[in-house]
Every structure is written in structure tokens, then in C-alpha cells.
Amino acid sequence: MSRIHGTNTKPELEVRRRLHSMGFRFRLHCSKLPGKPDIVLPKHKKAIFVHGCFWHGHQGCKRSKPPSSNVQFWTAKIAKTVERDRNNRKALVELGWQALTIWSCEIKNTEFLEKRLREFLDDPASEEK
Ligand SMILES: [Zn+2]
């Protein structure tokens, strides 16, 4: 079960760097919001979660395969996390926030990452009136 892939660059740091270079201001680990989003843009009411594919059960992702031992244990544990994530996102939306999940497997492709961030953050639906 390899969770960390070679470098010291944590996916979250990479997302923060990217956001910064795109000129966005953000806050970190907002404990007042459901699920403690990793990155919060209060002005836009947008929250970003940076999730590890394994721990958060990224569907269809080859990094999210459970280890060959203790399959049941891991499957149950991860299912719980997935459920919790879903509830947190729902709670955020109910508070009038938007949430985006960035998966750790998506970080390497900076072009893709930037596109996802931009689409999420430029969404006019939540622009301040
Ligand atoms: Zn993934």
C-alpha cells in the first residue's frame, strides 16, 4: 500500500501553490465548516478538499485499490470515509457553500488541475452580488 509517491510535495501544497499563482486568496483548514475543508475561499463561499485516492476511495482510480490483506477491514473503513465526505459536502451546500474535491492523482497534470480550479472558482453562479 503505497500512499506517498516519491516526492515530498504534498498534493495539498501543490493545489495551494497553483491557486496562489492564479491569484486567489484562500484560508486553510477551516474548522468551522463541515469536514474541515483543506482550502477555503470565504469571499467566494467555496471550499476545496484535497483527497488521497486510497483513503477517500476515489472511484475507478487505480490508486484506490485496497491492499490484498485485510480487504474487508479496509473496504469498510474506506466506505465510512466516503460516506462522511458525502455528508460533509451536503452540509456545506446546505450552508450555501460550494465544494470541490481534488484527488491526489489529479495533481500531477497541472494543466488539468488549473482548469478544474478555474472552472470551479469562476463559476458565476456564486459570484458576489
Ligand atoms: Zn485517484
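Preceding this section is the structure that the text describes.
A brief report on the enclosed structure follows. All of these numbers come straight from a predicted model, not from anything done at the bench. (Residues numbered from 1 in each chain as written. Predicted model: local features only at pLDDT ≥ 70, side-chain atom pairs only at ≥ 80, totals over all residues. Heavy atoms only, no water.)

By the criterion of burial, strand 3 (residues 46–51) is predominantly enclosed, with six of the six residues buried. Judged by which residues are buried, strand 3 turns out to be covered on both faces: Lys46, Ile48 and Val50 on one side and Ala47, Phe49 and His51 on the other are all buried. Where strand 2 (residues 39–41) meets strand 3, three bridges bridge the pair, whose relative direction is antiparallel. Its bridge partner lying in strand 3, Val40 is registered against Ala47. Remark: four residues form the turn of the hairpin made by strand 2 and strand 3, two consecutive strands paired antiparallel; Lys45 in that turn has positive phi of roughly 55 degrees. Strand direction decides the pairing type here: strand 3 and strand 4 (residues 98–103), joined by six bridges, are parallel. In the strand pairing of strand 4, Ala47 is matched with Ala99. Chirality of the crossover, the property in question, places the unit of strand 3, helix 2 (residues 71–94) and strand 4 among those that are right-handed. (Buried < 20%, exposed > 50% of the residue type's maximum accessible area, 1.4 Å probe, protein only. Helix = DSSP H or I, 4+ residues; strand = E, 2+ residues; numbered from the N terminus. Pairing = 2+ DSSP bridges. Right-handed = clockwise from strand over helix to strand, strands pointing away.)

Moving on: the coordination of the zinc ion. Coordination of the zinc ion by the protein is provided by Cys53 (SG), His58 (ND1), Cys61 (SG) and Cys105 (SG), with metal-donor distances spanning 2.0 to 2.4 Å. Its four donor atoms give the zinc ion angles of 103 to 114 degrees at the centre, a pattern that matches the tetrahedral case. Considered as a linear motif, the donors of the zinc ion on their single chain read C-x4-H-x2-C-x43-C. Here the residue His58 occupies a position in the loop between strand 3 and helix 2, and Cys105 occupies one in the loop between strand 4 and helix 3 (110–121), the gap between them amounting to 47 residues. Of the residues examined, His58 reaches a relative accessible area of 15% and is grouped as buried. (Donors = N, O, S within 2.8 Å, 3.2 Å for Na, K, Ca; no water. Tetrahedral: all angles 85-135°; square planar, octahedral: opposite > 155°, others 65-115°.)

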